[in-house]
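Residue-level structure breakdown
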Amino acid sequence: MRALLAFTGSRGDAQPGILLARELCARGHSVTLALSPNLVDFATAHGIAAVGFGRDSAELLRTQHDDHRFRSPNPRQRMRAVLDLQRRGVVELVRDLLALAPGHDVIVTGMAGEEAAEKAARRLGLPLAAVHFFPIHPNRSVPVIPTGWGARIPGAINRRIWSGLRWARDAALEQPLSEVGIVEHRLPDRVSLQAYDVDLFPGLAAELPDRHPVTGFAVDTDGFLNAPPDPALAAWLDAGSAPIYAGFGSMSVDDPAALVAMLRTVCARRGRRLLLAAGWAGIEPVLSSDMAIVDQIDHAEVLPRCLAAVHHGGAGTTAAALRAGVPQVICAVQADQPYWGRALARLGLAGTARAADLTETALSALLERVADPTVVSQAAAYASRFADNGIARAADEVEALVPLLFPTSVSIHAGRPQ
């Protein structure tokens, strides 16, 4: 099987593609891994060759951060900002994929760029697998508005609103997709891989009978793509009490110095050390008796050694903290993040607030809430139920889309097919 794995977006979007590529290569398949250009080196550092496609995802995130409409109190302004962002770079994505896809048997994509991947798949008549890290199909069970009152919207209306948002997204992308001007064919087959734990959204599993669950995949992708060993961090962890972890992934931070000062003050008041993963926030590394600031961590190795995890609510980080059995404080910035915060808070596994509303007082109260023994025991119990075969199950679903004519004779290869 020759598979094109196209995962545009942030590092959290790239990680699943890297690990799925690694799994398919280990099974003897030929894989082309395509990522945002700024993440090609990230894949190479983890042993998988990659090619770039589309635009620099870090630049797109900076553009979003600088667009004040995303923080407007007017919901129409926020919606227009979201749709404008989704249009940006779509034509380049499709054209790059059309150049890469010939010679492959299947296209696999993530949520970001799914429409572009489908356009390329239809042009070439290839089956498509879309890996979803959040339940984006219209449904009754996931509150479309991630607030307390949003949870009271009747299920039927909730589903209609999700459908309306889906229509608005499709309409926004119609014009840039039409610019490509290609003849489309019917997809031979298509699957949506639900790569999250559906139990976080009670009732959802019954609404997705025709979908393909690979629960645990999001956990795998964030835990099994390990950061390089850091002897200095290991020594710091061994030298003192369990720290409070904080990290905001690929999110930009308005005032990094103020964020560090707030986190350090709150942790000090609780008599705890601070471990901060800087990610893309532009915070310089530090190692002192009460604080460690590093670029990234191995979540699977480090999170079980922490008292709590304060983070942005990205799907991968949320899943990794769930697997580690660590109480969470989710400070959502955008996209699916507030939904994870509400879902975990509803189940007694986390406290949540908007990152824009975070203050010393608010963070202290949230950490106090998740330090409650009931929350701690519930987080540990939830961790004990996690599956650890999500990557393998996702690879099984991809293989099922393509007849394996020569399963033992295809060479293990990453990069463009030979």
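Residues numbered from 1 in each chain as written. Predicted model: local features only at pLDDT ≥ 70, side-chain atom pairs only at ≥ 80, totals over all residues. Heavy atoms only, no water.

Focus on helix α12 (residues 315-324)
With respect to burial, α12 is a largely interior element, 8 of its 10 residues being buried. Within the sequence span of α12, burial applies to Ala315, Gly316, Thr317, Thr318, Ala319, Ala320, Ala321 and Leu322. Immediately downstream of α12, the backbone of glycine 325 shows phi near 75°, a positive value. (Buried < 20%, exposed > 50% of the residue type's maximum accessible area, 1.4 Å probe, protein only. Helix = DSSP H or I, 4+ residues; strand = E, 2+ residues; numbered from the N terminus.)

Remarks on the pairing of strand β14 (residues 350-354)
The two faces of a sheet get side chains in turn, since along a regular strand they alternate between them. Bridging between strand β13 (residues 328-332) and β14 involves 5 bridges; their strand directions are parallel. In the sheet register, valine 329 faces β14, and the bridge partner there is glycine 351. Chirality of the crossover, the property in question, places the unit of β13, helix α13 (residues 337-346) and β14 among those that are right-handed. (Pairing = 2+ DSSP bridges. Right-handed = clockwise from strand over helix to strand, strands pointing away.)

Some remarks on the packing of helix α5 (residues 90-100) against helix α7 (residues 155-178)
It is at 8 Å that the axes of α5 and α7 come closest, and there the two elements cross at 50°. As judged from the angle between their axes, α5 and α7 are oblique. For α5 against α7, the interelement crossing comes out right-handed. Facing α5, whose interface residues are Val90, Val91 and Val94, α7 presents Leu173, Pro176 and Leu177. Looking at the contact of α5 with α7, its residues break down into 6 nonpolar, no polar and no charged. (Axes fitted to C-alpha atoms, helices over the stretch in contact; angles between N-to-C directions. Parallel < 35°, antiparallel > 145°, perpendicular 65-115°, else oblique. Left-handed = near helix turned anticlockwise from the far one by under 90°. Contact = heavy atoms within 4.5 Å. Nonpolar A, V, L, I, M, F, W, Y, C, P; charged D, E, K, R; others polar.)

A short note on the pattern of salt bridges
Close approach of charged atoms allows side chains of opposite charge to pair. Here the structure, examined in full by the defined rule, presents 13 salt bridges. For the salt bridge of aspartate 105 with arginine 2, the shortest nitrogen-to-oxygen distance reads 2.8 Å. Residue aspartate 105 is found in the loop between α5 and β4 (106-109), and its partner arginine 2 is found in strand β1 (residues 2-7); the two are separated by 103 residues along the sequence. A residue is classified by how much of its surface remains accessible, and arginine 2, at 35% relative accessible area, is partly exposed. Salt-bridge contacts for aspartate 396 lead to arginine 27; the nearest nitrogen and oxygen are separated by 2.7 Å. You can see aspartate 396 sitting in helix α16 (residues 390-400) and its partner arginine 27 sitting in the loop between α1 (11-26) and β2 (30-35), a full 369 residues away along the chain. On the accessibility criterion, aspartate 396 (40% relative accessible area) is partly exposed. When its relative accessible area of 24% is taken as the criterion, arginine 27 is described as partly exposed. Several salt bridges share partner residues, and in doing so they unite Glu23, Arg27, Asp396 and Glu399 into one network. (Salt bridge = Lys/Arg side-chain N within 4 Å of Asp/Glu carboxyl O.)

So, the nonpolar core
One finds Leu5, Leu24, Leu33 and Leu35 to be the most contacted residues of the largest nonpolar core, which totals 55 residues. Here this core gets 6 residues from one element, more than from any other, and that element is α1. Each residue touching leucine 24, except ones within four places of it in the same chain, is listed here: Met1, Ala3, Leu5, His29, Val31, Ala395 and Val398. Residues Cys267, Ile293, Ala308 and Leu363 belong to the second largest nonpolar core, which totals 25 residues. (Core = buried A, V, L, I, M, F, W, Y, C linked by side-chain atoms within 4.5 Å.)

Things to note about the packing of aromatic side chains
The tally for this structure, following the rule as stated, stands at 8 aromatic pairs. Centre to centre, the rings of tryptophan 162 and tyrosine 339 are 5.9 Å apart; their planes meet at 40°, and the pair counts as tilted. Separated by 177 residues along the polypeptide, tryptophan 162 in helix α7 and tyrosine 339 in helix α13 bring together distant segments of the chain. By relative accessible area, tyrosine 339 is classed as buried at 13%. One aromatic cluster is present, built from ring pairs that chain together Phe134, Trp162, Tyr196, Phe201, Tyr339 and Trp340. (Phe/Tyr/Trp six-rings, centres within 6.5 Å; stacked < 30°, edge-to-face > 60°.)

Quick notes on the packing of α12 against helix α15 (residues 373-383)
At their nearest, the axes of α12 and α15 sit 6 Å apart, and the two run at 100° to each other. Taken together, the axes of α12 and α15 lie roughly perpendicular to each other. Across from Leu322, Arg323 and Ala324 in α12, the residues of α15 making contact are Ala379, Tyr382 and Ala383. Taken together, the residues of the contact of α12 with α15 sort by class into 5 nonpolar, no polar and 1 charged.

With respect to the pairing of β2
Most of β2 is tucked away: 6 of the 6 residues are buried. Because side chains alternate across β2, one face comprises the buried residues Ser30, Thr32 and Ala34, and the other comprises Val31, Leu33 and Leu35, equally buried. For β1 and β2, the ladder comprises 6 bridges, and the chain directions are parallel. By the bridge assignment for β2, leucine 4 is matched with threonine 32. As a crossover connection, the stretch from β1 through α1 into β2 is right-handed. Here β2 runs beside strand β3 (residues 51-52); their pairing, made up of 2 bridges, is parallel.

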